[in-house]
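Read off the chains here:
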Protein chains: 2
Amino acid sequence: MAKPTIKDIAAQSGVSIATVSRVLANKSGSYSEKTAAKILKIAKALGYRKNSAAVDLVKKGADVIALIINATPTNFSTQIIDGIQQRASELGQGVIILYAGNRDHALQHQAIITALGRSVSGILLAAIEPDEEDLTLLKESQIPFCFVSLYLGTAAILAVSSDNRDLAYQATQYLIDQGHTRIGLVGIDEYHTGSQRRIGYQEAMTANHLASATVLPGDYSYEAGVRLLQAVKDQGLTAVLAASDMVAAGILTAAQQHKIRVPADLSIMSIDGTIICQITTPALTSVTQDFYQIGRQSVNKVMGQPALDFVPVKIVERASVVPPAD
Amino acid sequence: MAKPTIKDIAAQSGVSIATVSRVLANKSGSYSEKTAAKILKIAKALGYRKNSAAVDLVKKGADVIALIINATPTNFSTQIIDGIQQRASELGQGVIILYAGNRDHALQHQAIITALGRSVSGILLAAIEPDEEDLTLLKESQIPFCFVSLYLGTAAILAVSSDNRDLAYQATQYLIDQGHTRIGLVGIDEYHTGSQRRIGYQEAMTANHLASATVLPGDYSYEAGVRLLQAVKDQGLTAVLAASDMVAAGILTAAQQHKIRVPADLSIMSIDGTIICQITTPALTSVTQDFYQIGRQSVNKVMGQPALDFVPVKIVERASVVPPAD
DNA sequence: CTGAAAGCGCTTACAG
DNA sequence: CTGAAAGCGCTTACAG
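Source: prediction; values computed, not measured.

Enquirer: Before we move on, can you summarise the overall build of chain A with the specific residues and values?
Expert: Of regular secondary structure, chain A possesses 13 helices and 11 strands. For 326 residues, the compact-globule estimate of 2.2 N^0.38 gives 20 Å, and the C-alpha radius of gyration of chain A, at 25 Å, exceeds that figure by more than 25%. Referenced to the eigenvectors of the C-alpha coordinate spread, the extents of chain A come out at roughly 90 × 40 × 35 Å. Taking all contacts inside chain A whose residues are at least 6 apart in sequence as the whole, residues at least 24 apart take part in 70%. Surface accessibility of chain A: about 13,700 Å² in total, with carbon and sulfur atoms responsible for 53%. Of the side-chain charges in chain A, 28 are positive and 29 negative, and the distance between the mean point of each set is 14 Å.

Structure follows, in structure tokens:
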């Protein structure tokens, strides 16, 4: 009752394991239809399943892309995964997902090591901020890797994301076009993505001769949004650009508790554009990222195919932004 | 520049590959500290990484649990994954996640085959409705498997979930205790989870001599909630038990568009209790499931450890349920 | 404490 | 079209 191997199939069908292997690996042209049929039938009857470990060992690598992902407080991951899975499957690659916890550096490092040990054909890191050690490990591995939804600021490291600088510029300009001048950027982190967005925000403010930039740092979470509402209020802002849909939702909830009307007293524009934007009342106007496409392009990139570095965003008007009360 | 192997380490350190293997596998007591130190140093210098395929092959199996998960329209997966990862790591198991798309049967089947081919130590299926073929495959595999957040109605198949019958009973009773009599169960599927909840709902209605049960089927999605609001209205319900937080959010949004006040005109109680409940206005009263614990227990179960079949739920009162206007 | 040797389940030149 | 044989990178009795 042990797991059947090609040896068992060979014995039952009276051919060598080499022939069984050829048939099972679909090396067409290298076997007769007749033997193939016999072998396939026996394999099926035995409930044969190819041992991936053996295949990977002899082939020196698996046709698998490893996706390392962490539980961000935001919720866009499904779309990214969909895009990755689809494109990978078109390229004949499987996908295994390794979970890196919630920005847990030990787990993150462990996940990279696991991927390396499996000799995957590529490593995708979604919403992962690597430390120096991670980067060294990755670079020394000879396995192609690509950051997803994160741009490290250098063309030397593969990455696919929205153009966060442009994204923040566009969103800020949109708020300015609505007549706002006291605009804050809220819930943003201190790393790469965050700094790109700060720059874009800053540039838009400056281009419009608006001096008073207000940046309130946070971690993209709902809780950050809730917590930062007080500062938004203290600063007398009339509009905020929230670092994520969850931050926007947090600001919104807190505002309602403080009897601040959205959008009448405070306009909220959100970055991401996931379904969260439709769930809140009012619905959130957003700069929507194309996560599905980001996923697809990152597979192209890590597999050495032509790919976009930046995937375009678009502004989706809903109900949370209006001109300031003045 | 090829990937270094134990052979390279053995050559450089002047010992046999057997000794290198023992040191690298931590077979303590079977080597001297001195050789160990030397070997470890060389391994590090070489950037040596153990080849998992080789290890899995000789050990006939990997210390890895495969988690097969689909992109449900709901969003509780992070908590389940957290629970699984933590418990697995305590038991010395890695976790690889295989994505089964959005209730995509082909992908789902493929994921099972992939897990089987990797000789994992256990398979966890989260929010997966198996078809006959899947079940046969799993049963014949000799690999333990356990359904997560789904009870198949038979003790013969391992599963960890909330007691969906009891959950629906409790929630319905809660609404009845608030004075509601025209209560609907909305957005529920036709499979196992759905039928358990129907039964609990029905039992609570009957136990309270409430005849007019209204069940509106759906797929747990936000869109289902939006779509079903019309029926809720037509049926003249004063309260609904929504099959998921997303369904509840959908009903809520649609209600607001129809000028139906929540909770004044319509009370909404939600099943799941994820962060979505805090984001909406009003916040959603819910029967909250303990997804983290469900994850942990499912690992225990699939690893043959003592484990709960059903993880307790609790009712969390927020702002979406009040007594009916009468 | 260490080494020589067999073996895990496949694939793939090489010959025929 | 098929088979014998070597080999992928490890682990593990068995001897010493």
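More follows now that the structure is in view.
Enquirer: Which residues make up the protein's contact with DNA strand D, and what values go with them?
Expert: Near DNA strand D you find 27 residues, and of these A:Thr19, A:Arg22, A:Lys60, B:Ser21 and B:Tyr48 are the closest. By atom count, sugar and phosphate contribute 67% of the portion of DNA strand D lying within 4 Å of the protein. The separation between a base nitrogen of DNA strand D and a polar side-chain atom of B:Arg22 is 3.0 Å. Residue B:Lys27 places a side-chain N or O atom 3.3 Å away from a phosphate oxygen belonging to DNA strand D. Residue assignment for the surface near DNA strand D shows that the elements contributing at least two residues are α2 (17-24) and α4 (52-59) of chain A together with α2 (17-24) and α4 (52-59) of chain B. Of the residues contributing to the surface near DNA strand D, the split by class is 12 nonpolar, nine polar and six charged.

Enquirer: Mind laying out the sheet that holds strand β7 (residues 214-217) of chain B, listing which residues take part and the relevant values?
Expert: What links the strands of a sheet is backbone hydrogen bonding, and the strands pair in either a parallel or an antiparallel sense. All names here are of chain B. Within the open sheet, the six strands sit side by side as β7-β6-β8-β9-β10-β11. Their pairing is mixed. If you trace the sheet from one side to the other, it starts and ends with β7 and β11 (314-316), each paired once. Sheet twist, expressed as the average angle between the axes of neighbouring strands with direction ignored, equals 20 degrees. In terms of strand pairing, strand β9 (residues 267-272) meets strand β10 (residues 285-288) through four bridges, oriented parallel. For methionine 269, the partnering residue across the bridge sits in β10 and is threonine 285. Across the face of the sheet, helix α8 (residues 164-177) comes into contact with β6 (183-188), β8 (239-242), β9, β10 and β11 while running at roughly 160 degrees to β8. Sitting on the sheet, helix α10 (residues 222-234) is in contact with β6, β7 and β8, with an inclination near 160 degrees to β7.

Enquirer: Requested: an account of the packing of aromatic side chains, with residues and values cited.
Expert: Residue and element names in this part refer to chain B. Counted by the stated rule, this structure contains four aromatic pairs over all chains. Plain terms: the ring middles of tyrosine 151 and phenylalanine 310 are 5.3 Å apart, the flat faces sit at 70 degrees to each other, and that makes the pair edge-to-face. Residue tyrosine 151 is found in the loop between β4 (145-148) and β5 (159-160), and its partner phenylalanine 310 is found in the loop between α13 (291-302) and β11; the two are separated by 159 residues along the sequence. The class of tyrosine 151 is partly exposed, set by a relative accessible area of 25%.

Enquirer: Tell me about the interface of chain B and chain A, and name the residues and values.
Expert: Across the boundary between the two partners, chain B contributes 42 residues, which contact 42 residues of chain A. Carbon and sulfur atoms supply 59% of the area buried between chain B and chain A, which totals about 3,600 Å² over both sides. Ranking the residues of chain B by area buried against chain A places B:Tyr99, B:Arg118 and B:Ile279 at the top, with a combined share of 19%. Remark: the boundary between chain B and chain A carries two salt bridges. Ionic pairing is found between B:Arg118 and A:Asp56, a salt bridge with its closest N-O pair at 3.4 Å. Where chain B meets chain A, there are 11 residue pairs in polar contact (both at pLDDT 80 or more). Only α4, α5 (77-90), β2 (94-99), α6 (105-117), α10, α11 (245-257) and α12 (276-279) of chain B provide two or more residues apiece to the side of chain B that touches chain A.

Enquirer: Now, about the pattern of salt bridges: what can you tell me, with residues and values included?
Expert: All names here are of chain A. Under the defined criterion, the tally for this structure stands at 14 salt bridges over all chains. Arginine 296 is paired through a salt bridge with glutamate 90; the nearest N and O atoms lie 2.9 Å apart. With arginine 296 in helix α13 (residues 291-302) and glutamate 90 in helix α5 (residues 77-90), the pair connects residues that are 206 residues apart, well separated along the chain. Given a relative accessible area of 17%, arginine 296 falls into the buried group.

Enquirer: So what's going on with the packing of helix α1 (residues 6-13) of chain A against α2(A)? Residues and values would help.
Expert: Residues and elements named next belong to chain A. Interhelical geometry of α1 versus α2 gives an angle of 110 degrees and a closest axis separation of 8 Å. Comparing the axis directions of α1 and α2 gives the class roughly perpendicular. Relative to α2, α1 is oriented so that their crossing is right-handed. Residues Ile6, Lys7, Ile9, Ala10 and Ser13 of α1 form the contact with α2, whose participating residues are Ile17, Val20 and Leu24. In the contact of α1 with α2, the residues fall into six nonpolar, one polar and one charged.

Enquirer: Can you break down the protein's contact with DNA strand C residue by residue, with the values?
Expert: By nearness alone, 27 residues border DNA strand C, and A:Ser21, A:Tyr48, B:Thr19, B:Arg22 and B:Lys60 come closest of all. Backbone atoms, meaning sugar and phosphate, form 67% of the atoms of DNA strand C found within 4 Å of the protein. B:Thr19 places a side-chain nitrogen or oxygen 2.7 Å from a phosphate oxygen of DNA strand C. At 2.8 Å, a backbone N or O of B:Gly29 approaches a phosphate oxygen of DNA strand C. Taken together, the elements giving at least two residues each to the surface near DNA strand C come down to α2 and α4 of chain A together with α2 and α4 of chain B. Each residue belonging to the surface near DNA strand C can be placed in one class, and the counts come to 12 nonpolar, nine polar and six charged.

Definitions and limits used
Residues numbered from 1 in each chain as written. Chains lettered and ligands numbered in written order. Predicted model: local features only at pLDDT ≥ 70, side-chain atom pairs only at ≥ 80, totals over all residues. Heavy atoms only, no water. Helix = DSSP H or I, 4+ residues; strand = E, 2+ residues; numbered from the N terminus. Rg over C-alpha atoms; globule rule 2.2 N^0.38 Å. Contact = heavy atoms within 4.5 Å. Areas by Shrake-Rupley, 256 points an atom, 1.4 Å probe, with all protein chains shown as cover. Lys, Arg positive; Asp, Glu negative; His and termini not counted. Charge placed at Lys NZ, Arg CZ, Asp CG, Glu CD. Near = heavy atom within 4 Å. Polar contact = N/O pair within 3.5 Å; in protein donor to acceptor, adjacent residues only side chain to side chain. Nonpolar A, V, L, I, M, F, W, Y, C, P; charged D, E, K, R; others polar. Pairing = 2+ DSSP bridges. Axes fitted to C-alpha atoms, helices over the stretch in contact; angles between N-to-C directions. Phe/Tyr/Trp six-rings, centres within 6.5 Å; stacked < 30°, edge-to-face > 60°. Buried < 20%, exposed > 50% of the residue type's maximum accessible area, 1.4 Å probe, protein only. Buried area = accessible area lost by both parts, 1.4 Å probe. Salt bridge = Lys/Arg side-chain N within 4 Å of Asp/Glu carboxyl O. Parallel < 35°, antiparallel > 145°, perpendicular 65-115°, else oblique. Left-handed = near helix turned anticlockwise from the far one by under 90°.

Worth remembering: the numbers are spatial, not functional.
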